Amino acid sequence: MGARATETTRELESTSIKYQIGGHTEKMWQRLKGILRCLVKQLEKGDINVVDLKKNIEYAASVLEAVYIDETRKLLDTEDELSDIQSDSVPLEVRDWLASTFTREMGIVKRRPEEKPKFRSIVHAVQAGIFVERMYRRTSSMVGLAYPAEVIVTFKIPVPNLISFAEALEVGYSKYKNPYHNLIHAADVTQTVHYIMIHTGIMHWLTELEILAMIFAAAVHDYEHTGTTNNFHIQTRSDVAILYNDRSVLENHHVSAAYRLMQEEEMNILANLTKDDWRELRSLVIEMVLSTDMSGHFQQIKTMRHTLQQTEGVDKAKAMSLILHAADISHPAKSWELHYRWTMALMEEFFRQGDKEAALGLQFSPLCDRKSTLVAQSQIGFIDFIVEPTFSLLTDSMEKIVMPLIEEASKSGSPAFGTPSQNSLGAVNNAEAQRRPSFKSASDGGTHTENSLATVDLTSFKDNLMKIIQANKERWKELAVEEELVKNVGEQETDQSRNSTEAQLQEETTRIQNESSQGGDGTACPPRSIVLQVVSFDTPLSDESNSEKCTNSDPNQKDLTDAQQETQNTDPLNGEPKHCKKSEDLVKATEQKEALIQN
């Protein structure tokens, strides 16, 4: 037994050295899997002792970890930048933004230094003696990677795969260093979806697979967002716009790219799903992520309202899509500090797109001109026309879905889910009932009362949301007054500057007219370049240029020969006639006046 264990260890060492020299990653993975399977068979046959088994598993784990670290060592830390932006009728620009965005027409958390890859080769990892328990101790202590045992059992997601997938998501969300559509936004939306499911009781209506689909869709819904809108991609004819035929360009990319990650075996968190469950989950995720395309907002609201008016049950996919969409635009329903910070981040992202549009010679998209956008008024319009109606519909939908469940649970005497029945929510069969979450306590095996239907208070949920939204809107109204004052002051300063410029131009025009009317002093017309300098105010008038006069004719010049007149009236540099007529000067002055006013 000891000889076989030692032989296995030598095979691992030999393979690791080959990997380092040859760099054949795929062969290394295959070889390691083969060795681990061999160990499992030996364990099943009782052909190996515990000490040797532990030693070999620890060794294999250290090699696997080293391979993983080696493959991910090039991942770079990213950080986000936010800019502080100083800035009930709806302004035209706000209306344009609402129409173009919602119809068919905060900082990144940096990895701690101790979490950065420390090993660049398998040999270094082996020499450091990394064991299985140390690896699990490190991963379990990472922020956001604490897994309750019941979750692991329920969803059957391999923890190493989940870690790899989460790392890849972090890289994708940080790819373009967006102020708003970044990793923190993804986490915020995912947490909000979780909050809605728990506090509305809707999770008791969903199966385990549907709950997984909700969380997964929220986590990936903006993966690899470019920080620019769908319309920007369409206008610039980007690769993704061409690929997806201008339809939900970014949303199609988000879900497609996320699933492409899971094509890699080590990142496939859905590896343990059956084919039928995999297809069902994928169908739900696609529908939910595509529903975050803001251009479909009003159609989505209209469809859901129509559904609530019908006697038949609510379509689950549409209800789940509404939850994700509401979570995606939920920051006005949160504390002012969070809402304001998210707003500033989004406006900076809009402004960066506007900078790109200006560089490309494109017209500014609504709210993308950092010099003229009315931030406060845009948020008032956003809340009035988008956020309030969405959350009102969401709470109405939750009431229609959950209230019958609460009544059913109350009749059955169970504070938790209760027995599913045939009701207006649609048919619930026995197979589906068996797939629902049981919500058992891990400590005593009893029912978890914290998240039971008995604790659901939809009235308080709705009142609290609307109270926060209204309070935020009032804050924006206060800021809108200041914003309007700043705008008016800026316009007054512009008008004063314009009037001053007009006065200077009028004075210059009058001066030129007076000079033109004098004539008869025998002086020649100033060169063309001096005329342009005077009119454009590029240089001050010199005494010499002031002494020069223009005249149409001079009786004292009659005794000059024709040749002398031609020489005197011709520019020696370009041979052009030096006609300095009154009308010519006036045209030039008028043209420059119009140009300065426009500027």
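Thresholds, definitions, all that
- Residues numbered from 1 in each chain as written.
- Predicted model: local features only at pLDDT ≥ 70, side-chain atom pairs only at ≥ 80, totals over all residues.
- Heavy atoms only, no water.
- Helix = DSSP H or I, 4+ residues; strand = E, 2+ residues; numbered from the N terminus.
- Buried < 20%, exposed > 50% of the residue type's maximum accessible area, 1.4 Å probe, protein only.
- Areas by Shrake-Rupley, 256 points an atom, 1.4 Å probe, with all protein chains shown as cover.
- Salt bridge = Lys/Arg side-chain N within 4 Å of Asp/Glu carboxyl O.
- Expected span 1.5 Å × (residues − 1).
- Bend = angle between axes of the 7 residues up to and from the residue.
- Core = buried A, V, L, I, M, F, W, Y, C linked by side-chain atoms within 4.5 Å.
- Axes fitted to C-alpha atoms, helices over the stretch in contact; angles between N-to-C directions.
- Parallel < 35°, antiparallel > 145°, perpendicular 65-115°, else oblique.
- Left-handed = near helix turned anticlockwise from the far one by under 90°.
- Contact = heavy atoms within 4.5 Å.
- Nonpolar A, V, L, I, M, F, W, Y, C, P; charged D, E, K, R; others polar.
- Polar contact = N/O pair within 3.5 Å; in protein donor to acceptor, adjacent residues only side chain to side chain.
- Phe/Tyr/Trp six-rings, centres within 6.5 Å; stacked < 30°, edge-to-face > 60°.
- Lys NZ or Arg CZ within 6 Å of the ring centre and 35° of its normal.
- pLDDT = per-residue confidence, 0-100.

Moving on: the overall build of the protein. Regarding its fold elements, the protein presents 24 helices and zero strands. Taken over 599 residues, the protein has a buried fraction of 42%. For the protein, the accessible area works out to roughly 32900 Å², and carbon and sulfur atoms hold 52% of it.

With that out of the way, let us pick up the pattern of salt bridges. Within this structure, the stated rule accounts for eleven salt bridges. A salt bridge links Lys175 to Glu224; its shortest N-O distance comes to 4.0 Å. In this pair, Lys175 is assigned in the loop between helix 8 (159-173) and helix 9 (183-200) and Glu224 in the loop between helix 10 (208-220) and helix 11 (230-236), connecting sequence segments 49 residues apart. The exposure class assigned to Lys175 is partly exposed, which follows from its relative accessible area of 48%. By relative accessible area, Glu224 is classed as buried at 16%. Notably, a salt bridge pairs Lys477 with Glu474, separated by 3.7 Å at the nearest N-O pair. With Lys477 and Glu474 both in helix 20 (residues 458-518) and three residues apart, the pair spans about one turn of that helix.

Let's shift gears to helix 18 (residues 375-412). The terminal C-alpha atoms of helix 18 lie 52 Å apart, and with 38 residues this matches the ideal 56 Å at 1.5 Å per residue to within 8%. By the largest-angle criterion, Ile383 marks the main kink of helix 18, which is about 45°. A positive phi of about 75° marks Gly413, the residue just after helix 18.

What follows is about the nonpolar core. In this structure, Phe165, Val193, Val285 and Phe391 are the most contacted members of the largest nonpolar core, which totals 96 residues. Take this core: its biggest share by element is 15 residues, from helix 18.

A few words now on the packing of helix 15 (residues 297-308) against helix 18. With their axes 11 Å apart at the nearest point, helix 15 and helix 18 run at an angle of 30° to one another. Our classification of the angle between helix 15 and helix 18 gives roughly parallel. Of the two elements, helix 15 crosses helix 18, and the hand of that crossing is left-handed. Along its contact with helix 15, which presents His297, Phe298, Ile301, Met304, Arg305, Thr307 and Leu308, the element helix 18 presents Phe385, Ile386, Pro389, Thr390, Leu393, Asp396, Ser397 and Lys400.

Its place among the elements puts Ser365 in the loop between helix 17 (336-359) and helix 18. Since its relative accessible area comes to 12%, Ser365 is described here as buried. Once residues within four sequence positions are removed from consideration, Ser365 is found in contact with Asn231, Gln353 and Glu357.

For any two helices packed against each other, the geometry is given by the interaxial angle and the distance between the axes. Across the interface, helix 4 (residues 92-102) lies against helix 18 with an axial gap of 9 Å and an inter-helix angle of 50°. With respect to their mutual orientation, helix 4 and helix 18 come out oblique. For the pair helix 4 and helix 18, the crossing hand works out as right-handed. In contact with Val94, Trp97, Leu98 and Phe102 of helix 4, helix 18 contributes Gln377, Ser378, Gly381, Phe382, Phe385 and Ile386. Here the residues of the contact of helix 4 with helix 18 sort into seven nonpolar, three polar and no charged.

Let's shift gears to the environment of Glu167. Looking at the secondary structure, you find Glu167 in helix 8. Residue classification places Glu167 among the buried positions, given a relative accessible area of 14%. Sequence separation of Glu167 and Met267 is 100 residues, and the distance between their C-alpha atoms is 9.4 Å.

With that out of the way, let us pick up the side chain of Asn230. Secondary-structure assignment places Asn230 in helix 11. A distance of 2.9 Å separates the side chain of Asn230 from the backbone nitrogen of Leu250, its partner in a polar contact. Leaving out residues up to four positions away in the same chain, Asn230 has contacts with Ser248, Val249, Leu250, Glu251 and Asp293.

What follows concerns the environment of Gly201. Here Gly201 is to be found in the loop between helix 9 and helix 10. The buried category is assigned to Gly201, whose relative accessible area is 0%. Along the chain, Gly201 and Asp457 lie 256 residues apart, while their C-alpha atoms are 8.7 Å from each other.

Moving on, we come to the packing of aromatic side chains. This model, assessed by the stated rule, comprises 13 aromatic pairs. Its end group placed over the ring of Tyr259, Arg282 keeps NZ or CZ at 4.6 Å from the ring centre. The lysine or arginine in question, Lys316, covers the ring of Trp205, its NZ or CZ lying 5.2 Å from the ring centre.

This part takes up helix 8. Relative to the 21 Å expected for 15 residues at 1.5 Å per residue, helix 8 spans 21 Å between its end C-alpha atoms, a close match to the ideal helical length. Burial within helix 8 is extensive, with eleven of its 15 residues counted as buried. Residues of helix 8 that are buried: Val159, Asn161, Ile163, Ser164, Phe165, Glu167, Ala168, Leu169, Glu170, Gly172 and Tyr173.

This next bit is on unusual backbone geometry. Notably, Asp246 is not glycine yet its phi reads approximately 65°, a positive angle. Looking at the secondary structure, you find Asp246 in the loop between helix 12 (239-243) and helix 13 (249-261). With phi around 70°, Leu367 is a residue other than glycine that occupies positive phi space. As for its placement among the helices and strands, Leu367 is situated in the loop between helix 17 and helix 18. Leu367 gets classed as buried once you look at its relative accessible area, which sits at 1%.

Our focus in this paragraph is the confidence of the model for the protein. Regions with low pLDDT should not have their predicted coordinates read in detail. On average, residues of the protein score 74 in pLDDT, and 61% of them reach the 70 mark or higher. Note that residues 74-87 has pLDDT below 50 and, in this model, 33 contacts with residues that lie over four places away or in other chains. Low confidence marks residues 522-568, where pLDDT is under 50. Its contacts with residues over four positions away, or in another chain, come to 58 contacts.

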